[in-house]
Amino acid sequence: MKTIRLDNVSKVYQRHFALHRVTTEFNAGQLTLVLGGNGAGKTTLMNLLATLEPPSDGSIRFGDWDFETFSRRGRRNIGWVSHDSLLYPELSGRENLEFYAKMYGIKNPSKTAQDWLERIELSAAADKRVRTYSRGMKQRLSIARALIHRPALVLLDEPMTGLDHRSKDVMLRIFDEARSQGQIVVMITHDFSVPISMADRVIILDQGKLVFHDSTHEGMNLADLYLEKTS
Ligand SMILES: Nc1ncnc2c1ncn2[C@@H]1O[C@H](COP(=O)(O)OP(=O)(O)OP(=O)(O)O)[C@@H](O)[C@H]1O
């Protein structure tokens with residue numbers, strides 16, 4: 001999947017526009033940061049991209065597929081990191097990853113799990129139960145859980161909030177890898193310590209409208225300014 005294209009997309013809840021005529025696209029090999037204050041429509045946008053709910057109006061195309069087809073046949077191509085880690089606390093980190101690898105039908109689940117444990121720097125704690133992990137360790141494992149099947153679309157809802165430096169560094173490296181492997185990466189953040197420069201593109205939502213999108217260096221600086229003003 002090379003591009004996800006939104007054309008005049010609106011989402012209405014009880015006569016309230018959570019999103020209002022949003023037109024934009026997300027491309028393979030790009031990391032897009034989605035910014036905006038409370039109630040701006042960020043979560044609604046993620047829910048539409050994850051095909052959890054359809055738009056009220058407008059169209060979303062996932063590569064060659066329309067929304068309906070992608071929601072029936074394409075969900076396997078999504079990796080989502082949200083507030084729910086979807087990890088099993090009584091299993092070890094390794095067991096969690098092996099479980100998900102098997103669920104996705106990955107050929108060599110043990111080796112794949114081990115590779116991921118190394119990439120997220122959790123080899124030493126691999127056989128401890130997840131309930132004993134720190135927040136940062138859980139979050140790193142949760143990223144590996146979401147990306148283990150190499151989804152074409154990676155949705156990240158505030159993945160960096162409250163993380164220690166080491167975990168942040170690991171996350172940034174994993175996002176970079178995802179981008180260089182041609183995945184479409186979309187990340188919501190409220191965390192103003194996330195470097196804007198890590199993104200290829202920034203979009204800002206305000207009361208459901210897309211008020212800013214840019215991928216140039218100057219644009220990134222403007223987005224930085226916006227963040228300073230609104231934080
Ligand atoms: N299921 C729903 N039913 C009714 N209204 C909703 C629903 N989901 C979202 N909204 C409304 O749509 C608007 C956008 O909400 P959304 O959660 O997408 O914003 P957000 O940018 O993610 O905000 P936050 O950062 O506070 O989570 C808000 O006014 C919200 O109250």
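Residues numbered from 1 in each chain as written. Predicted model: local features only at pLDDT ≥ 70, side-chain atom pairs only at ≥ 80, totals over all residues.

1. With respect to the packing of helix α5 (residues 135-147) against helix α6 (residues 165-180)
Where α5 meets α6, the closest approach of the two axes is 9 Å, and the angle between their N-to-C directions is 15°. With respect to each other, α5 and α6 are oriented roughly parallel. As for the relative orientation of α5 and α6, their crossing is left-handed in sense. From α5, G136, Q139, R140, I143 and L147 reach across to α6, where they touch R166, S167, V170, M171, I174 and A178. A class-by-class count of the residues in the contact of α5 with α6 yields six nonpolar, three polar and two charged. (Axes fitted to C-alpha atoms, helices over the stretch in contact; angles between N-to-C directions. Helix = DSSP H or I, 4+ residues; strand = E, 2+ residues; numbered from the N terminus. Parallel < 35°, antiparallel > 145°, perpendicular 65-115°, else oblique. Left-handed = near helix turned anticlockwise from the far one by under 90°. Contact = placed C-beta atoms within 7 Å. Nonpolar A, V, L, I, M, F, W, Y, C, P; charged D, E, K, R; others polar.)

2. Let's talk about the sheet that holds strand β5 (residues 65-66)
Pairing within the open sheet is antiparallel, and its four strands lie in the order β2-β1-β4-β5. Lying at the two open borders of the sheet, with one neighbouring strand each, are β2 (16-27) and β5. Lying on the sheet, helix α1 (residues 42-49) is in contact with β1 (3-13), β2 and β4 (57-62); it crosses β1 at an angle near 125°. (Pairing = 2+ DSSP bridges.)

3. Side note on the site of the ligand
All residues in the neighbourhood of the ligand are listed as Y13, Q14, H16, A18, G36, N38, G39, A40, G41, K42, T43 and T44. When contributions to the shell around the ligand are tallied by element, the ones reaching two or more residues are β2 and α1. Considering every element that reaches the shell around the ligand, the biggest residue donor is α1, with three residues. Of the residues belonging to the shell around the ligand, the class tally is three nonpolar, eight polar and one charged. (Near = placed C-beta within 6 Å.)

4. Overview of the sheet that holds strand β6 (residues 78-81)
On the basis of which strands lie adjacent, the open sheet formed by six strands has the order β6-β7-β8-β3-β9-β10 and mixed pairing. Either end of the sheet is taken by a strand with one partner, and the two such strands are β6 and β10 (209-214). Taking the axes of each pair of neighbouring strands and ignoring which way they run, one obtains an average angle of 15° across the sheet. Here strand β7 (residues 153-157) runs beside strand β8 (residues 184-188); their pairing, made up of five bridges, is parallel. Bridging across to β8, D157 finds its partner in I188. Of the strands in this sheet, β3 (31-35), β7, β8 and β9 (201-206) touch α1, which is tilted by about 155° from β7.

5. What about unusual backbone geometry?
Within the chain, R150 stands out as a residue other than glycine whose phi angle is a positive 50°. Looking at where R150 falls in the secondary structure, it is placed in the loop between α5 and β7. Not every positive phi belongs to a glycine, and Q207 is a case in point at roughly 50°. In this fold, Q207 is placed in the loop between β9 and β10.

6. Things to note about the packing of helix α3 (residues 93-103) against α5
Look at α3 against α5: their axes get within 9 Å of each other, and the N-to-C directions meet at 15°. Taken together, α3 and α5 sit at an angle that is classed as roughly parallel. Both α3 and α5 take part in a crossing whose hand is right-handed. Judged by residue contacts, G93, N96, L97 and Y100 of α3 engage L141, A144 and R145 from α5.

7. Overview of the confidence of the model for the protein chain
Of the residues in the protein chain, 91% have a pLDDT of 70 or more, and the chain-wide mean is 91. With a pTM of 0.92, the predicted complex shows an ipTM of 0.95. (pLDDT = per-residue confidence, 0-100.)

8. Regarding the pairing of β8
Here β8 lies mainly inside the structure; five of its five residues are buried. Taking every second residue as pointing to the same face, both faces of β8 are buried, with I184, V186 and I188 on one and V185 and M187 on the other. Where β3 meets β8, four bridges bridge the pair, whose relative direction is parallel. Bridge assignment links T32 to a residue of β8, and that residue is V186. Regarding the hand of the β-α-β motif, the stretch spanning β7, α6 and β8 is right-handed. (Buried ≥ 20, exposed ≤ 12 C-beta atoms within 10 Å, placed from the backbone. Right-handed = clockwise from strand over helix to strand, strands pointing away.)

9. Some words on the nonpolar core
Inside soluble globular proteins, nonpolar side chains tend to come together where they are buried. Counting 59 residues, the largest nonpolar core has V34, I120, V185 and V186 as the members making the most contacts within it. It is α5 that provides the largest number of residues to this core, a total of six residues. When neighbours within four sequence positions are excluded, I120 is seen to be in contact with R140, L141, I143, A144, V170 and I174. (Core = buried A, V, L, I, M, F, W, Y, C linked by C-beta atoms within 7 Å.)

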